[in-house]
Amino acid sequence: MDGIDVLLKERRLYRPPSQFQKKAHLSGFEVLEELRRKARRDPEAFWVSAAKELFWIKPWRKVLDWKPPFAQWFVGGKINLSANCLDRHLSGARRNKAAIIWEGEPGEIRTLTYQQLYSEVCRFANVLKGLGVRAGDRVAIYMPMVPEAAIAMLGCARIGAVHSVVFAGFSAEALRDRINDAQAKLVITADGSYRWGQVLRLKDAVDEALRSCPSVEKAVVLRRTGAASPEASDLAWSEGRDHWWHELMARASDRCEAEALDSEHPLFILYTSGSTGKPKGVLHTTGGYLTQVTLTAKWIFDLRDDDVYWCTADVGWVTGHSYVVYGPLANGATTFMYEGAPLHPSADRFWSMIARHRVNVFYTAPTAIRSFMRLGEQWPAKHDLSSLRLLGTVGEPINPQAWLWYHRAIGGGRCPIVDTWWQTETGAIMITPLPGATPAKPGSATLPFPGIDADVVDKNGRPVPPGKGGYLVIRRPWPSMLRSIYGDPKRYEDQYFSQITSPDGSRRRDIYFTGDGARKDKDGYFWVLGRIDDVLNVSGHRLSTMEVESALVSHPAVAEAAVVGRPDEIQGQAITAFVTLAGGRSPSDGLKDELRQHVAKAIGSLARPSEIRFSETLPKTRSGKIMRRLLREIASGETVRGDVTTLEDFSVLARLQSQGEEE
Ligand code: WTA
């Protein structure tokens, strides 16, 4: 992969094509700059004009209440997110428009119009009520990528239940921890999901998790893959606890008034990895979140009424929340969902779907683009991709080589690319080109969205000069910012508002630190360099080194473990784990496999280390800190390595380098 040097040397400018610019919602760099200037002078007025596009049951009293580091937006307002995504589209021509077009991995296709989606969501909201779920209760969703996942989320939002979607690739143990942290009352799942032509047995994982989740009273199970009844399949069934989705839905009314919820009513919790072993429950609320998600989706993806828009993210990630479900539906757009693996049954599955559904806007991750690039241009070339007019990326920095390939091989050289920087915590896109306005530089997420005060600063919050690296921060609160870490406001403050300090050492509680390093160039363009904390980005998935380390040390053969990321051509980063063994255990290939499997069981296969290396001791500084920089160098092959199955001895290297790391 071309490295950061190439990334920084990349100088090409790609101006919005005039064809695109002519019709865009936001057209011309000057127009955008003027908006940015106005928003800088009065950010609250900017966000108010966005909030006014939504349907409020009761107007707010106060736009922003900022008691650093805690913000509240549109205070006193009453709103319902599902009413904004559904009810308000029913009066005009959108009523019979496709809200969701879905394709299952085996090939079936379903379309739900806004009217149909509305009825399903109302029905499901009544199902939730019938199961005793009330506003404020937490509901865990562990579902495949099927329309019912969106129905479940919208159903929760309709009655004010707080959803916690757990990516179906997480293991039973990871699911259990997330359910327990949120004290969820209900779990919504499916018997299984299709992936790579196989059935992924989701209900089994739920059964295993629920053995130690005392807060859960009921489970709702969608029949996706299985037999007609639990008896006819080999599905375990807990009478009284488990209920079939279709049976409950058949009895439920399709009318359910949308609850008038406070603007600051919690909407969802989404767990993400931080720098410790315990995932953080990022808490988002309603009014501000919806405001920013709706406006960003409209402008950045330039949504038009006749578009088919496809974001390939799973609903288990924040991108799936904001830009598969809520953003597009709030705009009355048609959102396309796909259930399965990207390369199944063949490497052109995505391109075939784009051609068959005439997809216009396509939003995916650099890791996917790199793997398509490796498979070769012959796969997209087999299909007519001329419907595409706009492309997007998210999740990690995109290397210019992949950007250029995406631009040419997928976009036919005519589609602008929006490289969108944001996080689970920011809720919505923060730094991004606007496709009809911003000249793109491959590899740069370009400039902050209007109303967003992002900067690159030093430890004391002072802007660093162009070209110099620093901390990527956001200075002012934004509407869709996380409100806290669920149940742990202190961790919220420590995690995001402690690194940037005043010269006297006191915390700057008014500056949000993203965890990313970045630099700005002379045009003010942002170049995100990646995480500077102990968070890995593996195929666009966030994982903490400590999370993987604690999974490893929970295996009896392991005495100590250190996990680092090494550059990987496809995944961005791959996991290398250095392991010292407990007394009496000796290294073997079998044990390596066992440990990799053990991590997959504890977290999910997304966390399975690509490499395990056994060592006599872990290199440490004199004060006992693991020398991660040295391990990263060793893992990236910059330092000579020995035979894989014998114990490696890093002590000499460690002694040589300890001076440097201690400083
Ligand atoms: C990284 C995903 C560079 C970054 C929406 C961030 C990016 C983390 C980009 C958040 C981008 C995301 N360019 N880096 N366009 N987008 N990142 O919470 O390190 O899963 O902090 O949210 O991904 O990952 P998360």
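Residues numbered from 1 in each chain as written. Predicted model: local features only at pLDDT ≥ 70, side-chain atom pairs only at ≥ 80, totals over all residues. Heavy atoms only, no water.

Draft legend 1. Quick look at the site of the ligand. Taken together, 17 residues form the shell around the ligand, and within it Asp419, Thr420, Thr424, Asp516 and Arg542 come nearest. Separating an oxygen atom of the ligand from a side-chain N or O atom of Thr424 is a distance of 2.6 Å. A distance of 2.8 Å separates an oxygen atom of the ligand from a polar atom in the side chain of Arg542. For the ligand, the accessible surface in isolation is 530 Å², of which the surrounding protein chains cover 95%. Counting residues per element, the ones that place at least two in the shell around the ligand are α12 (318-330), β21 (417-420) and β26 (526-531). Tallied by class, the residues present in the shell around the ligand amount to 6 nonpolar, 6 polar and 5 charged. (Near = heavy atom within 4 Å. Polar contact = N/O pair within 3.5 Å; in protein donor to acceptor, adjacent residues only side chain to side chain. Areas by Shrake-Rupley, 256 points an atom, 1.4 Å probe, with all protein chains shown as cover. Helix = DSSP H or I, 4+ residues; strand = E, 2+ residues; numbered from the N terminus. Nonpolar A, V, L, I, M, F, W, Y, C, P; charged D, E, K, R; others polar.)

Draft legend 2. Examining the sheet that holds strand β17 (residues 308-311) more closely. Strand order across the open sheet formed by 7 strands is β6-β5-β18-β17-β19-β20-β21, with mixed pairing between neighbours. Edge positions in the sheet fall to β6 (109-113) and β21, since each of these pairs with one other strand and no more. For this sheet, the mean angle separating the axes of adjacent strands, direction not counted, is 20 degrees. With 4 bridges connecting them, strand β20 (residues 390-394) and β21 associate as parallel partners. Along β21, the bridge assignment pairs Gly392 with Val418. (Pairing = 2+ DSSP bridges. Axes fitted to C-alpha atoms, helices over the stretch in contact; angles between N-to-C directions.)

Draft legend 3. Structural detail: the pairing of strand β25 (residues 512-520). Burial analysis of β25 places 7 of its 9 residues in the buried class, which makes it a mostly covered element. Where strand β23 (residues 469-474) meets β25, 5 bridges bridge the pair, whose relative direction is antiparallel. When the sheet's bridge partners are listed, Gly470 is paired in β25 with Ala518. In this structure, β25 lies alongside β26, joined through 5 bridges in antiparallel fashion. Of the residues in β26, the one forming a bridge with Ala518 is Val528. Between β25 and β26, which pair antiparallel and follow one another directly, the connecting turn spans 5 residues, one of which, Gly524, has a positive phi of 85 degrees. (Buried < 20%, exposed > 50% of the residue type's maximum accessible area, 1.4 Å probe, protein only.)

Draft legend 4. A look at the environment of Arg12. Relative to the assigned elements, Arg12 resides in the loop between α1 (4-9) and α2 (18-23). For Arg12, a relative accessible area of 42% corresponds to the partly exposed category. Taking the C-alpha atoms as reference points, Arg12 and Pro147, separated by 135 residues in sequence, lie 41 Å from one another. Residues within four places of Arg12 in sequence aside, it is in contact with Leu404, Ala440, Lys441 and Pro442. (Contact = heavy atoms within 4.5 Å.)

Draft legend 5. Structural detail: the sheet that holds β23. One open sheet accounts for 4 strands, arranged β22-β23-β25-β26; its pairing is antiparallel. One side of each edge strand has no neighbouring strand; the edge strands of this open sheet are β22 (454-457) and β26. If you compare each strand with its neighbour and ignore which way they point, the axes differ by 45 degrees on average.

Draft legend 6. View of the domain arrangement of the chain. Parsing the chain into structural domains produces domain 1 (106-259) and domain 2 (535-663). Taken residue by residue, the interface counts 8 residues in domain 1 and 8 residues in domain 2. Note on domain 1 versus domain 2: buried area summed over both sides is about 530 Å², and carbon and sulfur give 46% of it. Where domain 1 touches domain 2, the interface holds 3 salt bridges. Ionic pairing is found between Glu173 and Lys601, a salt bridge with its closest N-O pair at 3.3 Å. For the interface between domain 1 and domain 2, the tally reads 5 residue pairs in polar contact (both at pLDDT 80 or more). (Domains from an automatic or database assignment. Buried area = accessible area lost by both parts, 1.4 Å probe. Salt bridge = Lys/Arg side-chain N within 4 Å of Asp/Glu carboxyl O.)

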